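Given next are the chains, with one letter for each unit.
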Amino acid sequence: MNVYFDNAATTPLHNEVIALMHQTAINMFGNPSSSHSFGRKSRAAIEQARKTIAKYLNASPLEIIFTSCGTESNNMVLKMGIQKHNIKHIVISEIEHKCVLNTAEEICNKQDVELHILKVNKLGHLKINDLSSLLERLEGKVLVSIMHANNEIGTIADIKKIGSICKVNNALFHSDTVQTIAHYPFDVKDIEVDFISGSAHKFHGPKGVGFLYMKQNVKVDALIQGGGQERNLRSGTENLLSIIAMEKALQVSIENMQTWRTQIEDIKKYFKTQLTAEIDGISFNGDQENCLYTVLSVSFPERFHTDMFLFNLDIKGIAVSGGSACSSGANKGSHVISAIGIPENRQSIRFSFSHYNTKKEVDYVIEILKSLEKN
Ligand SMILES: Cc1ncc(COP(=O)(O)O)c(C=O)c1O
């Protein structure tokens, strides 16, 4: 049996997305910058996709910029926002995705910008008071980048509260929302947020396309220069096919959001119950009360601890992750798992679900896990 429990790494394309991509690839190829009818058709489709994304976020289409992925969106905010806003400090948490952490570190190593990394508690939450007291004492413009939901442990941050603290302190606020876009409703008017990032492959769209929401009065410098596409911020002929596919993936996710959520929650609950009943000494990482419904990070006792754990699951057809997808394979310890204080002798596995998963798959995974237990 093959079981794909790695949906936080990436999701399979939805059938409707595949069908639309197929049709679009045949019927639409004009360069969106061309003024003839082929180009106009492509331009109209791109602007419609922008409108759809903006509507979902309760934003204006002018506030949406298409990018190549979540990593690019996050880089754009951090790297290109610095000069425009004369940023003197970047504030992040210690469990940000590497594309925020490494980027922020590099900027602060090379430029006259100070980096502040906030600690998290064992559930993966930063202390709100740490953030507010830091912002109160910092001088000069600050950019705060705190992720909405952690991709490894699923803990969801209160970005509404964080946004209002940033607002009071006149700091810019970016949230990496890659794991929550299309899985939860969004209203950027309800959160004091200046930037958020999305990535299509996390919600059954294709890889290699994403977007950045950027509040209208907030500006960044151009990431890529050239023909002036994407309001002069990211030149280069638009990835027409993928942008249209991302719109479709978002539409399908919105239409099915509640149904899929109920299904996935049911699978996750069943998995937790079975794990607790069948395997002694496991525990769950992250804040179980405020957690992505798609993610379950499990800490296994020492008797499972073997370098071959992920490999053995893979041999049995089970795809999971031993940390962030982006660093899995590198065989390096996870900065998130260590930040929340999980001892080194415990192995953490992230199981992450989509509506395609079934309870039968859960039963199979439990059976295999039991067989991997050392006696
Ligand atoms: C929280 C988070 N941010 C950013 C990214 C990077 O997104 P992309 O793969 O689209 O570059 C990921 C992907 O794993 C993620 O989970």
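The residue numbers shown here count from 1 along each chain, following its written sequence. Given that this is a predicted model, residues contribute local features only at a pLDDT of at least 70 and side-chain atom pairs are listed and counted only at 80 or more, while totals for whole chains, interfaces and linings are drawn from all residues. Remark: hydrogens and water are excluded; side-chain values derive from all non-hydrogen atoms of the structure.

Draft legend 1. View of the sheet that holds strand β12 (residues 347–352). The antiparallel open sheet is built from 3 strands, whose spatial order is β9-β10-β12. For this open sheet the edge positions go to β9 (283–284) and β12, each flanked by a neighbour on one side alone. Pairing between strands is defined by DSSP: at least two bridges between them are needed. By definition, any uninterrupted DSSP run of H or I lasting at least four residues is a helix, any uninterrupted run of E lasting at least two residues is a strand, and each is numbered from the N terminus. Pairing of strand β10 (residues 295–300) with β12, which is carried by 6 bridges, proceeds in the antiparallel orientation. Of the residues in β12, the one forming a bridge with L296 is F351. In what follows, residue pairs with any heavy atoms lying within 4.5 Å of each other are defined as contacts. Fitting a line to C-alpha atoms yields each axis, with helices limited to the stretch in contact; the angle taken between N-to-C directions then spans 0 to 180 degrees. Lying over the sheet, helix α7 (residues 240–278) contacts β9, β10 and β12, oriented at roughly 10° with respect to β10.

Draft legend 2. Examining the site of the ligand more closely. We call a residue near a molecule or strand as soon as one heavy atom of that residue lies within 4 Å of the molecule or strand. In the vicinity of the ligand, 15 residues are found, and the nearest of them are T71, D176, Q179, S199 and K202. Any N or O atom pair separated by 3.5 Å or less is treated as a polar contact, with the protein-specific requirement of one donor-capable and one acceptor-capable atom, and with residues adjacent in sequence counted only for side-chain atom pairs. Within the backbone of G70, an N or O atom sits 2.8 Å from an oxygen atom of the ligand. The contact in question runs from an oxygen atom of the ligand to an N or O atom on the side chain of K202, over 2.6 Å. A total of 390 Å² of accessible area belongs to the ligand in isolation, and the protein chains cover 94% of it. Top element by residues in the shell around the ligand is helix α3 (residues 70–84). It accounts for 3 residues. Here the accessible surface of atoms and residues is derived via Shrake-Rupley with a 1.4 Å probe, and residues count as covered only by protein chains that are part of the display.

Draft legend 3. Quick peek at the packing of α7 against helix α10 (residues 359–372). α10 packs onto α7 with a crossing angle of 25° between their chain directions and a minimal axis gap of 10 Å. Judged by the angle between their axes, α7 and α10 are roughly parallel. By crossing handedness, the relation of α7 to α10 is classed as right-handed. Taking contact as the criterion, the partners of D266, I267, Y270, F271, Q274, L275 and E278 in α7 are, on α10, K359, V362, D363, V365, I366, L369 and K370. Here the residues of the contact of α7 with α10 are counted per class, giving 8 nonpolar, 1 polar and 5 charged. By definition in this entry, angles of less than 35 degrees are roughly parallel, angles greater than 145 are roughly antiparallel, angles of 65 to 115 are roughly perpendicular, and the rest are oblique. In this scheme the crossing of two helices becomes right-handed for a clockwise turn of the near helix relative to the far one and left-handed for an anticlockwise turn of less than a right angle. Gly is placed with the polar residues, together with every amino acid not listed as nonpolar (Ala, Val, Leu, Ile, Met, Phe, Trp, Tyr, Cys and Pro) or charged (Asp, Glu, Lys and Arg).

Draft legend 4. Focus on the pairing of β10. The element β10 is extensively covered by neighbouring structure, given that 6 of its 6 residues are classed as buried. Throughout, exposure labels follow a simple rule: accessible area from a 1.4 Å probe, protein chains only, divided by the maximum for the residue type, with under 20% read as buried, over 50% as exposed, and the rest as partly exposed. Residues V295, S297 and S299 point to one face of β10 and L296, V298 and F300 to the other, with burial holding for every one of them.

Draft legend 5. Up close: the packing of aromatic side chains. Each pair of aromatic rings taken from Phe, Tyr and Trp, with Trp reduced to its six-membered ring, is defined by centres within 6.5 Å and is described as stacked if the planes are under 30 degrees apart, edge-to-face if over 60, and tilted in the remaining cases. This structure, assessed with the given rule, holds 11 aromatic pairs. Measuring from centroid to centroid gives 5.8 Å for F5 and F271, while their planes differ by 55°, and the two rings are tilted. In this pair, F5 sits in the loop between β1 (3–4) and α1 (15–27) while F271 sits in helix α7, placing the two residues 266 residues apart along the sequence. Ring centres of F5 and F353 lie 5.0 Å apart, and the angle between their planes is 75°; on these two criteria the pair is classed as edge-to-face. You can see F5 sitting in the loop between β1 and α1 and its partner F353 sitting in the loop between β12 and α10, a full 348 residues away along the chain. Members of the aromatic cluster, connected to one another through ring pairs, are F5, F271, F300, F304, F309, F351 and F353. When the ring centre of F284 is taken as origin, the NZ or CZ atom of K272, which lies over that ring, is 5.0 Å away. Above the face of the Y270 ring, K359 is positioned so that its terminal group lies 5.2 Å from the ring centre. We call a charge positioned above a ring when the Lys NZ or Arg CZ atom is no farther than 6 Å from the ring centre and deviates by at most 35 degrees from the ring normal.

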